[in-house]
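# Notes for the structure review
Chain residues, written in single-letter form:
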Amino acid sequence: MSQNHLFAAIRSAVPSPGKKLALLADGSSVSYGEVLTLSARLAGLLVARGVRPGDRVAVQVEKSWPCLALYLATVRAGAVYLPLNTAYTLNEVRYFLGDAEPALFVCRPENAVEARVLAAELGVPCVETLDAEGSGSLTDAAAAFPPDFDDVACGPDDLAAILYTSGTTGRAKGAMLSHGNLLSNARALKECWRFTEADVLIHALPLFHTHGLFVAVNIVLLSGASMFFRAKFDPREAIALMDRATCLMGVPTFYTRLLDQPGLTPAATAHMRLFVSGSAPLLEETHRAFRERTSHAILERYGMTETCMNTSNPYEGERIAGTVGFPLPGVTLRITDPGTGAALPHGEIGMVEVKGPNVTKGYWRMPEKTASEFHDGFFVTGDLGMIDARGYLNIVGRGKDLVITGGFNVYPKEIEGEIDAIDGVAESAVIGVPHPDFGEGVTAVIVPAKGAGGLTEQAVLQALEGRLAKFKQPKRVFFVEELPRNTMGKVQKNILRDSYKDIYRRSA
Ligand code: AMP
């Protein structure tokens, strides 16, 4: 082992040092050479600050191209990149720093004072700052280090990153991702999605999540492609960029927001070759509407922090709305009975389990949790799904979102599909909340379509009569202006369950 497994592959894919890697919002650009040089200087700085191979580098900063260089620098130094959601409060950061014990914490300049106090309290030896423009003590200090760095040798099993999972319930867990996990997955996706040097990606996802960091950035780097690098997704700007771009990777809300724009036309999207969606379910209706408006079939894929990407609809071949396609090369996927663990045949709903070079080594410092998430060498995703007759995987929802009412299983996605088809409904979320007779009561939370007044609980229940078995029909229907979502567009059903937890409680 004399090479740095991930970085050697990235370095050898650089088309030429002058090739533009990131096209920035102010019209300027940054080349591969500039990013690699800054990553070398930063790697030198990390070593000088005492970061050793295997040490964690925790990072909670705004998106910027120097932050990208910091990710590469950490990998080059053989250390472990630990990006944190910028929305986390200092109190939440306390947990991550305490759990991961990083050798260095890079924070936003405005948080520096509190971060230093926290670091002193938790024994984190070093704090540096980086702002949205890429300035701060980190890049100031890096300027004094050489433009070359002797990359630390790392094998496929060495850790490259720890990403804490959203952790909507219980303690957040740090998924340990190795060089081999990241490289194998990026290579598989590059092949499947036909990425080349000619590609220009619209990158408007955050850099602290697997989607924006590993799916998007690693594919671009391994293809020698370029990207429009934007701090936030602005649908109007995205449309304006499309005549110079080839691909967009987004969460489903990107696509619903694009559909709200009159500028989304066949002409505006003619230069684009690929629209990818993931991180949350894309409504079939969104897929259809996008196709009607642009003639592009959005390619939906499925993955998670712990496994990188697992499945994808085909590049060539039919991209079926409401499905997430086939296992990626090297990934084995099976559906099992959540009760007995026995493998289930196609057509039956069960737990999605995956195995392959993409799957995490486990959760940081949680050996028992890690052991309980593996089943005969397969990682238990926690998602319920079904493989249809053509071999496409359909995700039915998170296992913990399954509603068990009167002993019957109700899959929220089926009920949501029926509700969404009712006139005047924009979208819905179906949850189970404690019910004195049934254990859980099926409960629907509906966002009415814009301008569609007058939808009532009675009308929704009537529309579902005869379309769903009685036990699947919601016992109550509530209307809200919007569903609670996290930064990746996922509906936070735990928040809904909490809000409605007392509705069936018998009055004393
Ligand atoms: P995260 O670890 O934040 O990436 O979340 C992973 C979870 O997001 C998965 O376990 C799924 O529940 C969900 N997810 C990701 N992609 C899709 C998709 N295309 N369709 C449905 N759910 C998805």
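Residues numbered from 1 in each chain as written. Predicted model: local features only at pLDDT ≥ 70, side-chain atom pairs only at ≥ 80, totals over all residues. Heavy atoms only, no water.

## Description of the overall build of the protein chain
When helices and strands are tallied, the protein chain shows 15 helices and 26 strands. For 508 residues, the compact-globule estimate of 2.2 N^0.38 gives 23 Å, and the C-alpha radius of gyration of the protein chain, at 23 Å, lies within 12% of that figure. Counting only C-alpha atoms and orienting by the principal axes, one finds that the protein chain spans roughly 70 × 55 × 45 Å. For the protein chain, the proportion of its 508 residues judged to be buried stands at 58%. Long-range pairs, those at least 24 residues apart, make up 67% of the contacts in the protein chain between residues at least 6 apart in sequence. Between the mean site of the 50 positive side-chain charges and the mean site of the 56 negative ones, the protein chain shows a separation of 1 Å. (Helix = DSSP H or I, 4+ residues; strand = E, 2+ residues; numbered from the N terminus. Rg over C-alpha atoms; globule rule 2.2 N^0.38 Å. Buried < 20%, exposed > 50% of the residue type's maximum accessible area, 1.4 Å probe, protein only. Contact = heavy atoms within 4.5 Å. Lys, Arg positive; Asp, Glu negative; His and termini not counted. Charge placed at Lys NZ, Arg CZ, Asp CG, Glu CD.)

## Observations concerning the sheet that holds strand 11 (residues 247-250)
Spatial ordering of the open sheet is given by 2-1-10-9-11-12-13-14-15, a layout of nine strands whose pairing is mixed. The open sheet has two free edges, formed respectively by strand 2 (29-31) and strand 15 (326-327), since each of these has just one partner strand. Bridge count for strand 13 (residues 299-304) against strand 14 (residues 308-312) is four bridges, and the pairing is antiparallel. Looking at strand 14, one finds that Tyr 302 is bridged to Thr 311. (Pairing = 2+ DSSP bridges.)

## Topic: the site of the ligand
Taken together, 16 residues are adjacent to the ligand, and Glu 300, Arg 301, Thr 305, Asp 383 and Lys 490 come closest. In isolation the ligand exposes 500 Å². Once the protein is present, 92% of that is buried. Looking at which element gives the most residues to the shell around the ligand, the answer is strand 13, with five residues. Split into classes, the residues belonging to the shell around the ligand amount to five nonpolar, six polar and five charged. (Near = heavy atom within 4 Å. Areas by Shrake-Rupley, 256 points an atom, 1.4 Å probe, with all protein chains shown as cover. Nonpolar A, V, L, I, M, F, W, Y, C, P; charged D, E, K, R; others polar.)

## Details of unusual backbone geometry
Its identity is not glycine, yet Ser 295 carries a phi of approximately 65°, on the positive side. On the secondary structure map, Ser 295 appears in the loop between helix 11 (284-294) and strand 13. With phi around 50°, Asp 376 is a residue other than glycine that occupies positive phi space. Checked against the element boundaries, Asp 376 lands in the loop between strand 19 (374-375) and strand 20 (378-387).

## Description of the pattern of salt bridges
Applying the stated criterion across every chain yields a total of 28 salt bridges. Note that Asp 383 and Arg 398 form a salt bridge whose closest N and O atoms lie 2.8 Å from each other. With Asp 383 in strand 20 and Arg 398 in strand 21 (residues 393-398), this pair connects stretches of sequence that are 15 residues apart. Look at Asp 383 and you get buried, because its relative accessible area is 7%. With relative accessibility at 30%, the residue Arg 398 sits in the partly exposed group. Between Arg 467 and Glu 418 there is a salt bridge whose closest N-O contact spans 2.9 Å. In this pair, Arg 467 is assigned in the loop between helix 14 (457-464) and strand 26 (476-479) and Glu 418 in helix 13 (residues 412-420), connecting sequence segments 49 residues apart. One salt-bridge network, held together by shared partners, links Arg 11, Arg 76 and Asp 151. (Salt bridge = Lys/Arg side-chain N within 4 Å of Asp/Glu carboxyl O.)

## What about the nonpolar core?
Tyr 71, Trp 193, Met 249 and Leu 258 are the most contacted members of the largest nonpolar core, which has 117 residues in total. With sequence-adjacent residues up to four places away left out, Met 249 is seen in contact with Trp 193, Phe 195, Leu 201, Ile 202, Leu 205, His 211, Val 215, Ala 216, Ile 219, Phe 254 and Val 276. (Core = buried A, V, L, I, M, F, W, Y, C linked by side-chain atoms within 4.5 Å.)

## What to know about helix 5 (residues 112-122)
The complete set of buried residues in helix 5 reads Ala 112, Ala 115, Leu 118 and Ala 119. An end-on view of helix 5 places all buried positions within 125° of arc, on one side of the element. Residues of helix 5 that are exposed and angled more than 90 degrees away from the buried face: Val 113, Val 117 and Ala 120. Where helix 5 is buried, its residues contact helix 4 (90-100), strand 5 (104-107) and strand 6 (127-129). (Arc of directions from axis to C-beta.)

## Topic: the sheet that holds strand 26
Read from one edge of the open sheet, three strands run 24-25-26, paired in mixed fashion. Every interior strand has two partners, whereas the edge strands, strand 24 (425-435) and strand 26, have only one. The mean inter-strand angle of the sheet, taken between neighbouring strand axes irrespective of direction, is 25°. Pairing analysis gives ten bridges linking strand 24 to strand 25 (residues 439-448), with the strands arranged antiparallel. Bridging from a neighbouring strand, His 435 pairs with Gly 439 of strand 25. Lying on the sheet, helix 13 is in contact with strand 24 and strand 25; it crosses strand 24 at an angle near 140°. Of the strands in this sheet, strand 25 and strand 26 are in contact with helix 14, which crosses strand 26 at around 130°. (Axes fitted to C-alpha atoms, helices over the stretch in contact; angles between N-to-C directions.)

## What about the pairing of strand 14?
In terms of residue burial, strand 14 counts as a mostly covered element, since five of its five residues are buried. Connecting strand 13 to the antiparallel partner strand 14 that follows it, the hairpin turn spans three residues.

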